[in-house]
Amino acid sequence: MLLLICSICYGQLSDLHYLPPLKQNRTNQAIKEQTVYLSTPVASAFTVNVYRGTNTTPITSYTISNTTPATYTLPNTDNNITLVTDVNTGIVLTNSGLRFESPSGEKFYVNYRGRSNSQAASLTSKGRPALGQNFRWGGPPIRANHYTMSSSLGIMATENNTVVDIFGYDPNCEFRLQSDADGITANTIQVTLNAGESYVLEAIKSQATANIDGWLGATITSNKDIAISNGGLNFGVSASSASRDAGIDQPVPVESIGREYVFVRGNGGNSNEFPLIIGVQDNTAIYVNGSTTPITTIDDGEYFQIPGSNYSGTSRGHNMYVTTSKNAYAYQITSGSSGIHTVSLNFIAPVNCLLPDTMDNIPDIRDIAGINATGGISIIASASTPNSNIVVTDGNGNVSLTTARAVAGSTDWKTFFITGLNGDVKVTSSGPIAVGFLGYNGARGIAGYFSGFDTAPSVDLEITGNNCLPGSVIEIIGGPFDAYQWYRDNVLISGATNNTYTPTIPGDYFVEVTKGACSYPSNIIHANICTIITNRRITHRVKHQ
């Protein structure tokens, strides 16, 4: 039986958000001043409660509406709320991390922005879709050389007796245990958390060569839902430089990622503008700009940095189209200005025709915890949407749309990049859109991604029947859909257009379903011949994973 789960719950727009804490290597070197921005498309005012750690009583509350967003100003520096100190790293914490909740169920955005004298970062909470039980540790490799370089992972539990396992990282990685910068050297980590408790890991580059990227792609699993955040505080892209900035974001679990992505270039050069793909299944082929030849193939837990030269041009607003043969995580390293010292990190949503048609709104787009940034927004829009139907407004009113850029390799999407925006920014369309923002102030770069993860469908496959080839059937329970097309090893199976399919040879199978103008693929099931010995009888059965 094939279980179809199509969640349409507006990802980053949610009634519940978790912000797990993170760790910077040196106090104030990545982030000092910090603000959380709350905004909503809802016209009527409603309450948002803020909870810290395991507290069941709000530490503060805000009343917000579409015209009255709110800001929650956090204590500066390592406040043990959003950024923990050395002694609170590598241990279970009861009074760190934040939960934002609307008692009435109204939906809102949560965007964390922080900065120091020369660095800045933004993290957009993904709301309920961020909760899950299977993740990969993501973020930028730490190439540059400076004593502040480190990667961080923050985990927050939603229920009592949550067992979290972290594994699959380079066994030579060394993580902080309180005052001991390389106190955790085990090849696997297990921790049990209760609701609201959190756990933070830090990998300092200078402690081990493996800490450059050996943690990247590590598996994080749990028996109950958790939220995670990850990134570099600080990181840099050049091994011959000390240039650096902060880059953090919140990913979603494995079941909510996809296989089709569009990236929009920021202000950097090829060395500081590139996608980063993390595999969650073996033999994941990566294709760029419609090529039928993969640029590379990666396995579960491996990553690939797609060269920035694959963007359609060298200036901001150019795009890149990336597809993968199996679901994969996608991050973007991007820059607020041309300098490599303004790098940032975005976790990117897969594109699909069920993306929302409104982003309302990015609050006070130029503000980074009290200072003004210069930048703009990127828009990924359906190619079939008339440009006149895409409307951008900021604090000064309607904003002229720039010329659309076609996406090489796809006829479904087009992109825009708009600069010079002020105040609260809203984008509406008659078709699906995804919106990101970008900015800089001096050496500080910042980026955020406000769309996606809300309607990306997830389809889980399971083979039934006698579990033998031939004789097993892959079925769809759900729908109905308007059309079906089955694939094996990413190749269309001629004539396989029913809601069931009977495989006759081993391979990777998925089905693309269509509803109205929307088409999207299922997850992949791998079937092959395996030998099972039972009561001295040898039988061949389908193995599925």
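Residues numbered from 1 in each chain as written. Predicted model: local features only at pLDDT ≥ 70, side-chain atom pairs only at ≥ 80, totals over all residues. Heavy atoms only, no water.

### Digging into the overall build of the protein
So, step 1. Looking only at helices and strands, one finds 0 helices and 47 strands in the protein.
So, step 2. Of all 545 residues assigned to the protein, the portion counted as buried reaches 59%.
So, step 3. In the protein, 76% of the contacts between residues at least 6 apart in sequence involve partners at least 24 apart.
So, step 4. Per element, the accessible surface of the protein, about 19400 Å² overall, is 45% carbon and sulfur. (Helix = DSSP H or I, 4+ residues; strand = E, 2+ residues; numbered from the N terminus. Buried < 20%, exposed > 50% of the residue type's maximum accessible area, 1.4 Å probe, protein only. Contact = heavy atoms within 4.5 Å. Areas by Shrake-Rupley, 256 points an atom, 1.4 Å probe, with all protein chains shown as cover.)

### Considering the pattern of salt bridges
So, step 1. A full pass over the atoms with the stated rule returns 12 salt bridges.
So, step 2. Salt-bridge contacts for K126 lead to D249; the nearest nitrogen and oxygen are separated by 2.9 Å. With a gap of 123 residues between them, K126 in the loop between strand 10 (120-124) and strand 11 (132-136) and D249 in strand 19 (residues 245-249) connect regions that are remote in the sequence. The pair K126 / D249 is uniform in exposure class, with both members buried. (Salt bridge = Lys/Arg side-chain N within 4 Å of Asp/Glu carboxyl O.)

### Let's talk about the sheet that holds strand 33 (residues 405-406)
So, step 1. Spatially, 5 strands are ordered 33-34-30-36-37 in an open sheet, and the strand pairing comes out antiparallel. The open sheet has two edge strands, strand 33 and strand 37 (444-449), and neither has a second partner.
So, step 2. With 7 bridges connecting them, strand 30 (residues 374-382) and strand 34 (residues 413-419) associate as antiparallel partners. The partner of I380 across the bridge, within strand 34, is T415. (Pairing = 2+ DSSP bridges.)

### Points about the confidence of the model for the protein
So, step 1. The share of residues in the protein with pLDDT of 70 or more is 89%, and the mean pLDDT across the chain is 90.
So, step 2. Confidence drops under pLDDT 50 across residues 1-11; counting only partners more than four residues distant or on other chains, this segment forms 45 contacts.
So, step 3. Note that residues 530-545 has pLDDT below 50 and, in this model, 37 contacts with residues that lie over four places away or in other chains. (pLDDT = per-residue confidence, 0-100.)

### A few points about the nonpolar core
So, step 1. Within the largest apolar cluster, 69 residues are counted, with the highest numbers of intra-cluster contacts made by I166, F175 and I220.
So, step 2. Here this core takes 8 residues from strand 25 (residues 319-335), the largest share from any one element.
So, step 3. When residues no more than four places from it in sequence are discounted, the contact partners of I220 are Q133, N134, F135, R136, W137, L153, I155, V164, D165, I166, I226 and I228.
So, step 4. Among the nonpolar cores identified, the runner-up in size contains 27 residues, and F46, V50, L83 and V110 belong to it. (Core = buried A, V, L, I, M, F, W, Y, C linked by side-chain atoms within 4.5 Å.)

### Section: the pairing of strand 9 (residues 109-115)
So, step 1. With respect to burial, strand 9 is a largely interior element, 7 of its 7 residues being buried.
So, step 2. A two-sided burial pattern is seen for strand 9, the buried positions comprising Y109, N111, R113 and R115 on one face and V110, Y112 and G114 on the other.
So, step 3. The sheet contact formed by strand 3 (residues 33-39) and strand 9 spans 7 bridges and is antiparallel. Paired with Q34 across the bridge in strand 9 is G114.

### Some points on the environment of P129
So, step 1. Topologically, P129 is positioned in the loop between strand 10 and strand 11.
So, step 2. On the accessibility criterion, P129 (10% relative accessible area) is buried.

### Some words on the sheet that holds strand 8 (residues 98-101)
So, step 1. Read from one edge of the open sheet, 4 strands run 2-8-4-5, paired in antiparallel fashion. Bordering the open sheet on either side are strand 2 (16-19) and strand 5 (60-64), each of which pairs with just one other strand. Adjacent strand axes in the sheet meet at a mean angle of 20 degrees, parallel and antiparallel pairs treated alike.
So, step 2. Relative to strand 8, strand 4 (residues 46-52) runs antiparallel, the two sharing 4 bridges. Across the sheet, residue Y51 finds its bridge partner in strand 8, namely R99. (Axes fitted to C-alpha atoms, helices over the stretch in contact; angles between N-to-C directions.)

### Section: unusual backbone geometry
So, step 1. N234 follows L233 through a cis peptide bond whose omega is 15 degrees.
So, step 2. Structurally, the position occupied by N234 is in strand 18 (residues 219-235).
So, step 3. In this structure, the amide linkage connecting D360 to the following residue, N361, adopts the cis form with an omega of 10 degrees.
So, step 4. Here N361 is to be found in strand 27 (residues 358-362).
So, step 5. Phi at N80 is positive, roughly 60 degrees, even though this residue is not glycine.
So, step 6. Among the secondary structure elements, N80 is positioned in the loop between strand 6 (70-73) and strand 7 (92-93).
So, step 7. Of the residues examined, N80 reaches a relative accessible area of 19% and is grouped as buried.
So, step 8. Unusually for a residue other than glycine, N283 sits at a positive phi of about 60 degrees.
So, step 9. Structurally, N283 is set in the loop between strand 21 (274-279) and strand 22 (284-288).
So, step 10. By relative accessible area, N283 is classed as exposed at 52%.

### Comments concerning the pairing of strand 19
So, step 1. Where burial is concerned, most of strand 19 is hidden: 5 out of the 5 residues are buried.
So, step 2. Residues D245, G247 and D249 of strand 19 are buried on one face, and the alternating residues A246 and I248, pointing to the opposite face, are buried as well.
So, step 3. Where strand 18 meets strand 19, 4 bridges bridge the pair, whose relative direction is antiparallel. Within strand 19, the residue paired with F235 across the bridge is D245.

### What to know about the environment of N161
So, step 1. Looking at where N161 falls in the secondary structure, it is placed in the loop between strand 12 (150-157) and strand 13 (162-167).
So, step 2. With 33 residues separating them along the chain, N161 and N194 place their C-alpha atoms 5.2 Å apart.
So, step 3. For N161, the contacting residues outside a window of four places in its chain are T192, L193, N194, N223 and K224.

### As for the side chain of D78
So, step 1. Turning to its location among the elements, D78 is positioned in the loop between strand 6 and strand 7.
So, step 2. Despite being buried, D78 has no salt bridge partner; K23 is the closest side chain of opposite charge, sitting 5.5 Å away.
So, step 3. Of the polar contacts made by the side chain of D78, one reaches the side chain of T27; its length is 2.9 Å.
So, step 4. Residue contacts for D78: discarding those within four places in its chain leaves Q24, T27, L83, V84 and T85. (Lys, Arg positive; Asp, Glu negative; His and termini not counted. Polar contact = N/O pair within 3.5 Å; in protein donor to acceptor, adjacent residues only side chain to side chain.)

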